[in-house]
Amino acid sequence: MKGIELEKAYNPQDFEDRLYEQWEKQGYFKPKTDADSPVHEITDKTPFTVVIPPPNVTGVLHMGHGLNNTLQDIVVRYHRMNGEPALWVPGTDHAGIATQNVVERRLKKEGLSRRDLGREKFLERTWAVKDEHHAIITRQLKKIGASVDWNRERFTMDEGLSKAVRDVFVTLFERGLVYRGNYLVNWCTSCGTALADDEVDHSDVNGAMYHIYYEIDGGESIPSITLEDGTVFSGGNRIEIATTRPETLLGDTAVAVHPEDPRYKALVGKKVKLPLTGKTIPVVADTYVERAFGTGIVKITPAHDPNDWEVAKRHNLPVINILNPDGTLNEEVPEQYRNMKCSDARKAVIADLTELGLFKEEEKITHSVGHCYRCNTVVEPYLSDQWFVKMKPLAEKALKAWKDGDIVFYPKKWENTYSHWMENIRDWCISRQLWWGHRIPVWYCQSCGEMIVSREDPELCPKCKAFKDSLKQDPDVLDTWFSSWLWPFSTLGWPENAENGFTEDFKRFYPTSALVTAYDIIFFWVSRMIMAGLEFTGKAPFKDIYIHGLVRDKQGKKMSKSLGNGLDPLEITGEFGSDAMKFTLGFLCAQGQDILVDKESFKLGSRFANKIWNASRYLLGNLEGRNLIPITDDDLTELDVWIYSCLDRASRNARSALEGYRYNEGAQALYEYFWNDFCDWYVEATKLSFRNGTEEEKDRAVSVLMNILEESLRLLHPYLPFVTEEIYQKLPLKEIAQNRAEAASKNSCKNGNPSKITSQSEYTGMLIAAPFPVPNNNRIDETVSRRFSVLQELIRSIRALRAECGISPDLKIDISLLLTPESPSQVCREKQDLIMLLSGVKKLTFTDAKPHGAIGTVGTGFEAFLLASEGIDSAQLKARFQKEIANETSFIQKVEAKLSGKFAENAPAEVVEAEREKLCTAQRRVEKLNSYIENL
């Protein structure tokens, strides 16, 4: 047959887009149980289903998305090849706050606000932004090779998901799990909306503690007393209070002391003057106060501090909200402070207190402050009417599911995070004061005040029968996560066709198999999905939860626009190819660890893809003038048996790694097998057949190579789908399949059993749907593996000896071997041609004693001696070794001096140990070099 040509240079841009379009158009991303799948099959195998963590329609995918989608693609491709109906559902999230912020920023540049447009026109603009960014995200996912089923793509505000959201809200309301009330919430003054607790990012900032005096009302004083420790509390007619937010004193409704604090017992029940307001407020006793902290007195501002809110409830204190929604002070404060921003009001309050002699001092501190997770504005505790979900009943079910083993975390350390959050969960504020999102399905009758919670838009009031015009819908929308927590089942059609057990997709693919996501949204999303799945379907939405790390730069910093250290997945794929990005990220993704990368890191995957290309190009070129023939077990050489054993071990390791989401171990197993075992050893060794073999031997050797290459490409495909598919389509697949079928038939006829070695797939379609290699116990031959490991050890030793002596790889050398009788090393006598080929030996002899003037190296059952020959000068070697000894001796002296000084006393133990190891290595090398000189 004719040789098959691959392009000389590996260039992924030549074929990646073409192959993706081919996969998509021909329907290979669909589950095999779909009638229009190109590999349609009705199977009783459990489907493997993954729903994509939906990216926000506010921007483009960053390297974190690149990692997340890479890991999903690897595992989905593996299960697809494993014969399971594999479904990966794509989709995007409407991202309420984030998307509305994008649109409002654009309007601001035009000198407009959303209120200038009105709700309807503003939403038209927002849908346009959604469409714009959705197109970008789709293009990116295709570029990185995501094998998602685009026919099942969803959006959190599409018609079906919107119906699911309404149904869930109303159902929760009917079950008493949704309620509305005037409560203290986290408020973003920039976004103008409430935030859930887990949407607040806390970070340490520089601030101040302001010490202020409150005067005791009625001219009364606190008596001086001597405390138990002997110190004297001086008392007086005023008390000292410390606060980080002095402007909030305008909303104080009490001050509190600990009930057992002897300093203030006489003060409880009395009143103090609230500075700047002309008001008096009571002194209450509450165990919330820490006696040892500060002065032991705290101001109580119920509308602007969650702890004060709880104190106020216990003591029936009034609650005064002093803020407008935009963060300015409202009409509840004295006139001179109204409409001031908090920062300006703080300065004004301090100035006025100073003038009245009521300001003591400012103390610089660092303290934790909450910020909006989207715009980084400081979050204000704020009293307002909001909708909430009662979370404890839902969390109890989710905790039980984990304890019962219905969900499994990879790695297991995240179980502690999950259980802690569930056990300490608070009610979830689900209303947002936005326009973009799912409108809360609640209406208020303007005629009778009735509140209507409905799955459908009501036509009239059920109480007073007022018509639709009298019904006003709640202006707020639901938290983005309220639609996202339904994602695993709403994307599969729930609650459509509920009377018949829901949709066919829901019945076939729910619960899903695995969730692959980053650890920074365990609270936002993962936990809530489990709660929702259990509450509405009675089942956990997925079994496996793989939590991967974050992508960071080489210094360990999180990638971000502000730091300028981000990597664009499209830039990486444009320069190195999608496979290079996918393999590199998989190779580096160890469980429980963040991934540290820079642009150079992706050369790892690029070099490996290039190796696959060049090796395949060489092998396909060798088809020129050859005939592919059926290969039975009896046709295999010992070398062939060895490589099949390596292939079997690699497939087992890859399967085990992917089943356990140990992506790095799977990638390393493939790398070690293909680059080392297959290319560096087996392919190099087969050159003996092509150099010295008969025509029949050459046909036999190339046929075995084609079988192994075909199976190797199937093994590599999940991690490197494009380059393997491109090469796979060039293989003579029909001939390979026909020969395998004939060989299998011959083996069966001979012994009644299937082939021990060569029984493989006879599939001839696209690689994406080809079967993943199946482990075969009959391929394992420990005797052959032991024999070949001796050969490898010997060849590596000879190569290392050449390097030690500075001998050029091109120079052929003479080697003499001393073998231990009746040891595995006797294989060397049988494989002389192989040893000479792979170690660059011109003449190989065997000896019973060490040759005079030779340099030796020792291994398992052998000693190998480099003999002086043409091109090897003993005097030059001796001079080289003496120079290296001088360098090593100088290094030893430096390290010894370092270890004998203060370094050993002050440096960390692991650093000192590393220096000692360097010393030992150098000392061993000097001993070795001296032995070489002595031998010479």
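That block above? That's the structure.
Here the structure is a predicted model, which is why all the values come from computation and not from measurement.

**Brief notes about the nonpolar core**
Part 1 of the reasoning: Counting 222 residues, the largest nonpolar core has Phe169, Phe482, Tyr663, Tyr673 and Phe678 as its most contacted members.
Part 2 of the reasoning: Setting aside anything within four residues of it in sequence, one finds Tyr673 in contact with Ile643, Cys646, Leu647, Ala650, Phe678, Ile708, Ser712 and Leu715.
Part 3 of the reasoning: Ranked by size, the runner-up nonpolar core spans 43 residues in total, among them Tyr264, Val272, Val333 and Cys429.

**Some thoughts on the packing of helix H18 (residues 638–659) against helix H24 (residues 782–804)**
Part 1 of the reasoning: Running from N to C, H18 and H24 cross one another at 100°; their axes reach a closest spacing of 10 Å. Judged by the angle between their axes, H18 and H24 are roughly perpendicular. Between H18 and H24, the residues in contact are Glu638, Leu639, Val641, Trp642 and Ser645 and Val784, Ser785, Arg787, Phe788 and Gln792, respectively.
Part 2 of the reasoning: Split by residue class, the contact of H18 with H24 holds five nonpolar, three polar and two charged.

**Observations concerning unusual backbone geometry**
Part 1 of the reasoning: Here the residue pair Trp494 and Pro495 is connected by a cis peptide bond, since its omega of 5° sits within 30 degrees of zero.
Part 2 of the reasoning: Relative to the assigned elements, Pro495 resides in the loop between helix H12 (487–490) and helix H13 (504–509).
Part 3 of the reasoning: The residue after Tyr510, namely Pro511, is reached through a cis peptide bond having omega 0°.
Part 4 of the reasoning: Positive phi is not limited to glycine here, since Asn316 has a value of about 55°.

**Quick look at the packing of aromatic side chains**
Part 1 of the reasoning: Going through the model one piece at a time under the given rule, you end up with 50 aromatic pairs.
Part 2 of the reasoning: An angle of 20° between the planes, with centres 5.8 Å apart, marks the rings of Tyr546 and Tyr661 as stacked. Of this pair, Tyr546 sits in strand S25 (residues 542–548) while Tyr661 sits in the loop between H18 and helix H19 (663–685), and the two are 115 residues apart along the sequence. With respect to burial, Tyr546 and Tyr661 carry one shared label: buried.
Part 3 of the reasoning: Linked through ring pairs, Phe169, Phe173, Trp387, Trp428, Phe482, Trp485, Phe489, Trp494, Phe502, Phe506, Tyr510 and Phe536 together constitute an aromatic cluster.

**A closer look at helix H7 (residues 306–315)**
Part 1 of the reasoning: Every buried residue of H7 is listed here: Asp308, Trp309, Val311 and Ala312. End-on, the buried residues of H7 take up no more than an arc of 165°, which puts them together on one face.
Part 2 of the reasoning: Buried residues along H7 sit against strand S5 (178–188), strand S14 (297–300) and strand S16 (379–389).
Part 3 of the reasoning: Its side-chain oxygen at 2.9 Å from the backbone nitrogen of Asn307, Asp305 defines the N-terminal cap of H7.
Part 4 of the reasoning: Downstream of H7 by one or two residues, Asn316 has phi in the positive range, about 55°.

**Description of the packing of H24 against helix H26 (residues 832–839)**
For any two helices packed against each other, one specifies the inter-axial angle together with the distance between the axes.
Part 1 of the reasoning: Two elements in contact, H24 and H26, have axes whose closest approach is 10 Å; the angle formed by their N-to-C orientations is 35°. Helix-helix and strand crossings are classified by hand; for H24 and H26 the assignment is right-handed. Of the residues in H26, those touching H24 at Phe788, Leu791, Leu794, Ile795, Ile798, Arg799 and Arg802 are Leu834, Ile835, Leu838 and Ser839.
Part 2 of the reasoning: Across the contact of H24 with H26, the residue classes break down as eight nonpolar, one polar and two charged.

**Structural notes on the pairing of S5**
Part 1 of the reasoning: For S5, the buried fraction is high: eight of the eleven residues fall into the buried class.
Part 2 of the reasoning: Pairing between S5 and S16: eleven bridges, direction antiparallel. Its bridge partner being in S16, Trp187 is matched across the sheet by Glu380.
Part 3 of the reasoning: As defined by bridge partners, S5 adjoins strand S6 (residues 193–195) across three bridges and the pair is classed as antiparallel. Across the sheet, residue Asn186 finds its bridge partner in S6, namely Leu195.

Reading the values: rules and limits
- Residues numbered from 1 in each chain as written.
- Predicted model: local features only at pLDDT ≥ 70, side-chain atom pairs only at ≥ 80, totals over all residues.
- Heavy atoms only, no water.
- Core = buried A, V, L, I, M, F, W, Y, C linked by side-chain atoms within 4.5 Å.
- Buried < 20%, exposed > 50% of the residue type's maximum accessible area, 1.4 Å probe, protein only.
- Contact = heavy atoms within 4.5 Å.
- Axes fitted to C-alpha atoms, helices over the stretch in contact; angles between N-to-C directions.
- Helix = DSSP H or I, 4+ residues; strand = E, 2+ residues; numbered from the N terminus.
- Parallel < 35°, antiparallel > 145°, perpendicular 65-115°, else oblique.
- Nonpolar A, V, L, I, M, F, W, Y, C, P; charged D, E, K, R; others polar.
- Phe/Tyr/Trp six-rings, centres within 6.5 Å; stacked < 30°, edge-to-face > 60°.
- Arc of directions from axis to C-beta.
- Polar contact = N/O pair within 3.5 Å; in protein donor to acceptor, adjacent residues only side chain to side chain.
- Left-handed = near helix turned anticlockwise from the far one by under 90°.
- Pairing = 2+ DSSP bridges.

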